[in-house]
Amino acid sequence: MNGDPAFADRVRDHGLEWVTLAAAYHSTRAATPLHPGRQLVDAHSAALYRPVRDVWRRLRPIGASWLPEPDPFGQAADHLRRKGLKVSAWIVLTHNSRLGRAHPDISVVNCFGERYPYALCPAQEAVRDYAATLAAEALHEVEVDAVSLEACGQLGLVHLSHHEKTDDAWTPLAQRLLSICCCAACRSAWSVRGLDATEVVAGLRAAVRGGTDIPAETAEVVLAARHQAADQLRAAVLQLVREKQPTAEVTLHGHPDPWATGASPGLTPTAAEDVAAVLVPCWPVAPGSHDLVERAAEFGTVDAYLTVLPPAGADAVVAHGQRLVAAGAQRLSLYHLGLAAAWRQPLFTQLVAALSGGLS
């Protein structure tokens, strides 16, 4: 957005009032087709898009060295708010490959001992401290209207890596089992709850190989331990968010499936009570996304997250959004104004025109 003087006008021309800006984000190679000065942003690492101050303990982020501004988020947020738009700070918490590789002991590890360096495990105290500090530093001395928390929980097996070659390798059950973290902190949490951690790991390996599930009693304890860690992470993050921005409403990326991992981890029983809305992934290619909205609505206010980008068909996006509203979505978050090419930009206007009457 920085360096594009027409961006704010495009937002208003589409009938939009809010912009969600990355304040702390994972690595990406992103197109910027409408930017007057560039066509790509190659963010080679997760980064804090604010000045990196000397407040960190063991885990420390890097700044966005690939951008010329010393405070990219702060500059963009200030510009948009002066233009009369509202700004939500987009903060990605436990998704950081650089830190996972530098500190492998705090990353998620599966039952075969294979680590997922992109995934920082919330059961680790150092990760919870890092996530809370990251949120606080993202909001330090900058005015925002809202906060959007992504990856506020555990990431799992599925992840888009360089030259990914894992498509169709595992059943949904195997993906769930291979997304169960077996790091030292998680094993300790199982032991406190009465499980033999060594037996759990062996059982997980056998279940993956045999295509079977683990015993229901074991699964219940494992999930309860994961949810406890997620609750502790969220509580630590929200405490500092509200100290920095007491009037900003908070949206939580989440999923109604309690076993879900990733950018939108499974909602715990109390998660939705702590925030203004839950952002649910509703890409058109996601099977059952309307059902996800209905299930998430049982927790609280639903913000449906949909894209106008491929693989979404341009002729189906508006109808898809209408079905999400009919399923109970009270808000829509549209992805992604900065990435969309010129011929897809009219979809934002069409969505706003078609859906504004059905949204609160």
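None of the values given here were measured: they were computed from a predicted structure.

(A) How the structure looks around the overall build of the chain. For the chain, the helix and strand inventory stands at 11 helices and 12 strands. Over its C-alpha trace the chain gives a radius of gyration of 20 Å, about what one expects of a compact globule, namely 21 Å for 360 residues. Each principal axis of the C-alpha distribution contributes one length, and for the chain these read about 60 × 45 × 40 Å. Expressed as a percentage of its 360 residues, the buried residues of the chain come to 52%.

(B) Geometry of the pairing of strand S1 (residues 18-25). Where S1 and strand S5 (residues 86-92) come together, six bridges link them in parallel fashion. Its bridge partner being in S5, alanine 24 is matched across the sheet by isoleucine 91.

(C) Focus on the nonpolar core. Residues Tyr49, Phe73, Ile91, Val147, Leu149, Trp190 and Leu204 are the most contacted members of the largest nonpolar core, which totals 117 residues. With 10 residues, helix H8 (residues 216-244) is the single largest residue contributor to this core. If we skip the residues at most four places from it in the chain, phenylalanine 73 touches Leu21, Ala22, Ala23, Tyr49, Arg50, Val87, Ala89, Ala138, Val142 and Val144.

(D) Looking closely at helix H9 (residues 289-297). Buried within H9 are the following residues: Ser289, Leu292, Val293 and Ala296. Take H9 and look down its axis: the buried residues cluster within an arc of 100°, on one side only. Tucked inside the fold, the buried residues of H9 contact strand S10 (277-281), strand S11 (302-307) and helix H10 (317-327).

Cut-offs applied
Residues numbered from 1 in each chain as written. Predicted model: local features only at pLDDT ≥ 70, side-chain atom pairs only at ≥ 80, totals over all residues. Heavy atoms only, no water. Helix = DSSP H or I, 4+ residues; strand = E, 2+ residues; numbered from the N terminus. Rg over C-alpha atoms; globule rule 2.2 N^0.38 Å. Buried < 20%, exposed > 50% of the residue type's maximum accessible area, 1.4 Å probe, protein only. Pairing = 2+ DSSP bridges. Core = buried A, V, L, I, M, F, W, Y, C linked by side-chain atoms within 4.5 Å. Contact = heavy atoms within 4.5 Å. Arc of directions from axis to C-beta.

Any link to function would need more than the numbers given here.
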